[in-house]
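Residues per chain are reported as follows:
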Amino acid sequence: MKTAIFLVLMLTGAVCAAEPGDITLSDGTILEDAVIVRLNPATYIVQTKDSLLELSDDELDPASLRMHNFQDERPPVMTLHFDEIHADGTATRYWTLPITNDGKNAMTEIRMGLAYWERAMVDQVTFVDGRGISLVSTYDPPRKKWAKNPDKIIRHTLHLATPLAPGEKMTFTGSQTRNLIQGEGKKQHYRFNGDYSEDRLVWLKVRLPQDAKIEKISPAPNARFEHENSQYVMWKRYYKKGDIIPLEIFYTLDCHQ
């Protein structure tokens with residue numbers, strides 16, 4: 001028996017988190033204009049304008065917790081992003097999502113929606129499972145009918161190489177190389193907007209080309225380091241459904257690389 005997980009339902013069915021407000025910590029510190037989201041029964045994320053904190057319930061004032069009805073909110077989907085910027089202005093983007101089989105039967109496929117703008121790029125996107133095995137994609141309706149039905153919803157199915165047992169977890173990763181960088185000559189500009197159709201908790205790590213010189217990062221990253229002559233920048237950011245919160249890197253690059 002084939003069992004599928006409908007990722008589009010898992011994502012778009014999430015309830016949006018509460019509006020920003022003041023959050024009090026157990027030591028009396030007040031975080032102004034903050035959003036609080038529960039990841040699991042004992043862990044919360046609190047995001048302010050400038051930072052994101054991962055806190056236990058013991059670190060939060062009980063009164064602040066009582067002000068929110070977490071029972072009616074689903075935790076955000078966690079996505080791991082890695083953007084590898086190349087000297088020619090293109091970038092290879094990798095995104096990894098976790099999946100859990102909550103059903104009673106083995107799961108053999110993952111189904112999700114295909115946005116209209118994604119149709120033109122399906123040949124550039126590849127998917128692999130946690131072991132690095134390529135996953136086969138099929139579409140409903142099939143691609144040969146897309147031109148005749150430009151407004152029809154496309155269902156994208158990823159066929160798992162190995163069935164996922166009930167209760168078992170896995171990850172899958174998509175990748176794509178595309179033009180992500182703006183600028184001319186030496187001055188370059190990288191920008192990540194967010195703008196998801198559901199609540200997301202995003203880890204974003206960016207690797208710049210070798211010997212790139214960073215001029216400005218906005219907002220301040222969670223981490224920054226250098227390895228093998230390449231600069232790395234990392235953010236951890238919560239995106240409420242529809243939020244556009246740019247994460248940007250301005251840098252210069254030797255045109256003769």
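Reference entry: report on the structure contained in this document. (Residues numbered from 1 in each chain as written. Predicted model: local features only at pLDDT ≥ 70, side-chain atom pairs only at ≥ 80, totals over all residues. Heavy atoms only, no water.)

Here we come to the layout of surface pockets. Considered as a void within the structure, the largest pocket measures approximately 1,300 Å³ in volume. Together, 41 residues line the largest pocket, and W95, W117, E118, Y196 and R200 are the ones closest to its centre. Counting only elements with at least two residues in the lining of the largest pocket, the list comes to α1 (7-12), β6 (77-85), β7 (90-100), β8 (107-114), β9 (126-129), β10 (136-140), β12 (169-179) and β14 (187-194). Taken together, the residues of the lining of the largest pocket sort by class into 19 nonpolar, 14 polar and 8 charged. (1 Å grid on protein atoms, 1.4 Å probe; cavity = no way out; pocket = protein on both sides within 12 Å on 5 of 7 lines; lining within 4 Å. Points joined across faces, edges and corners; volume = space filled by probe spheres on them. Helix = DSSP H or I, 4+ residues; strand = E, 2+ residues; numbered from the N terminus. Nonpolar A, V, L, I, M, F, W, Y, C, P; charged D, E, K, R; others polar.)

On to the packing of aromatic side chains, then. Under the criterion given, the structure shown has 8 aromatic pairs. Ring centres 6.2 Å apart and planes at 45 degrees place the aromatic pair F127 and F172 in the tilted group. Here F127 is found in strand β9, whereas its partner F172 is found in strand β12, with 45 residues between them in sequence. One exposure class covers both F127 and F172, and it is buried. Judged by centre distance (6.2 Å) and plane angle (65 degrees), the rings of F192 and Y239 are edge-to-face. Taken together, the residues span a long stretch of sequence, with F192 in strand β14 and Y239 in strand β18 (residues 230-239) at a distance of 47 residues. Y239 matches F192 in its accessibility class, with the two residues each being buried. One aromatic cluster in this structure is built from W95, F127 and F172. The ring of F82 carries the charged tip of K205 above its face, separated from the ring centre by 5.8 Å. (Phe/Tyr/Trp six-rings, centres within 6.5 Å; stacked < 30°, edge-to-face > 60°. Buried < 20%, exposed > 50% of the residue type's maximum accessible area, 1.4 Å probe, protein only. Lys NZ or Arg CZ within 6 Å of the ring centre and 35° of its normal.)

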